[in-house]
Amino acid sequence: QVNLMESGGGSVQAGGSLQLSCVASIYTYGTYDYCLGWFRQAPGKEREGVALIWPGGGSTDYVDSVKGRFTISRDNARNTLYLQMNSLKPEDTAMYYCAAKLASYGGKCLRGWSGYNYWGQGTQVTVSS
């Protein structure tokens, strides 16, 4: 069982920056090996994966549209996930969700964006022109 709570969303002009945070509360005993990710959903659009990070933090992946602008990181000691968003564009406007899933055997985050089964409530990011 993992509870996730995002914060840091808001309104910003194009070219600006925001940092999202997500605190994960883990209530089950056992593994702490979770893949963590950020997803977003804009009105009328399907949910898409934005960035993910493996349990140790050494491996990350991003959707092409945010590469070079967004950085995902995690502080396992604080059970906190971050998304630093720079050079924001209006098309980044969406509800952003943090999500988690247990890593595959060996601490690997397989199957791309699939399988994330713990979700936060979301934080709104609005980027104006």
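Just above sits the structure.
Numbering of residues starts from 1 in each chain and follows the order in which that chain's sequence is written. In view of the model being predicted, local features appear only for residues whose pLDDT reaches at least 70, and side-chain atom pairs are presented and counted only at 80 or more, with totals across whole chains, interfaces and linings using the full set of residues. Hydrogens are left out, water is left out, and the side-chain values use all remaining heavy atoms of the structure.

Ring geometry is summarised as follows: Phe, Tyr and Trp rings, the Trp one being its six-membered ring, pair when their centres sit within 6.5 Å, and such pairs are stacked at plane angles under 30 degrees, edge-to-face over 60 and tilted between the two. Applying the stated criterion across every chain yields a total of five aromatic pairs. Look at Phe-39 and Tyr-116: their rings are 5.3 Å apart centre to centre, the planes differ by 65 degrees, and that puts the pair in the edge-to-face class. Here Tyr-116 lies in the loop between strand 9 (94-102) and strand 10 (118-119) and Phe-39 lies in strand 4 (residues 34-41), a separation of 77 residues in the sequence. Neither residue differs from the other here; Phe-39 and Tyr-116 are each classed as buried. Ring pairs connect the aromatic residues Phe-39, Tyr-97, Trp-113, Tyr-116 and Trp-119, which therefore count as one cluster. Cation over ring: Arg-47 sits above Phe-39, and NZ or CZ is 5.3 Å from the ring centre. Helix and strand assignments follow DSSP, with helices taken as H or I runs no shorter than four residues and strands as E runs no shorter than two, numbered in order from the N terminus. Each residue gets one of three labels from its accessible area relative to the maximum for its type: buried under 20%, exposed over 50%, partly exposed in between, using a 1.4 Å probe on protein chains only. Distance and angle both matter: a charge sits over a ring if NZ of Lys or CZ of Arg is within 6 Å of the ring centre and within 35 degrees of the ring normal.

On to unusual backbone geometry. At Asn-79, a residue that is not glycine, the phi angle is positive and equals roughly 50 degrees. Tracing the backbone through its elements, the reader meets Asn-79 in the loop between strand 7 (70-75) and strand 8 (80-85). Residue class for Asn-79 comes out partly exposed when judged on its relative accessible area of 32%. One non-glycine residue, Arg-111, adopts positive backbone phi at about 65 degrees. Looking at where Arg-111 falls in the secondary structure, it is placed in the loop between strand 9 and strand 10.

Counting residues in each nonpolar core, the largest one holds 29 residues, and the members touching the most others are Trp-38, Phe-70, Leu-83, Met-85 and Tyr-96. For this core, the secondary structure elements donating two or more residues are strand 1 (2-7), strand 3 (18-26), strand 4, strand 5 (48-53), strand 7, strand 8, strand 9 and strand 11 (123-128). Nine residue types can take part in a nonpolar core, namely buried Ala, Val, Leu, Ile, Met, Phe, Trp, Tyr and Cys, and a core is a set of them joined through side-chain atoms within 4.5 Å. The next biggest cluster of nonpolar side chains, apart from the first, holds seven residues, and it includes Ala-99, Ala-103, Cys-109 and Tyr-116.

Before going further, it helps to examine the sheet that holds strand 8. One requirement defines pairing of two strands: DSSP has to find at least two bridges between them. The strand order across the open sheet built from four strands is 1-3-8-7, with neighbouring strands paired in antiparallel fashion. The sheet is open, and its two borders are formed by strand 1 and strand 7, each paired with just one other strand. Within the sheet, the average angular offset between the axes of one strand and its neighbour, ignoring direction, is 15 degrees. When strand 1 meets strand 3, the two strands line up antiparallel, connected through six bridges. The partner of Met-5 across the bridge, within strand 3, is Val-23. Inter-axis angles, ranging from 0 to 180 degrees, are taken between N-to-C directions of lines fitted to C-alpha atoms, where helices are fitted over the stretch in contact.

Sheet topology places strand 3 next to strand 8; six bridges connect them, and they run antiparallel. By the bridge assignment for strand 8, Cys-22 is matched with Leu-81. Here strand 7 pairs with strand 8 via six bridges, running antiparallel. Bridge pairing links Phe-70 to Met-85 in strand 8.

Our working definition of a disulfide is a cysteine sulfur pair at a distance within 2.5 Å. By the definition in use, this model includes two disulfides. Each sulfur in the disulfide pair Cys-35 and Cys-109 lies 2.1 Å from the other. Measuring the twist about the S-S bond at about -110 degrees, one finds the Cys-35-Cys-109 disulfide to be left-handed. One end of the pair, Cys-35, is in strand 4; the other, Cys-109, is in the loop between strand 9 and strand 10, and 74 residues separate them in sequence. Both residues of the pair, Cys-35 and Cys-109, belong to the buried class.

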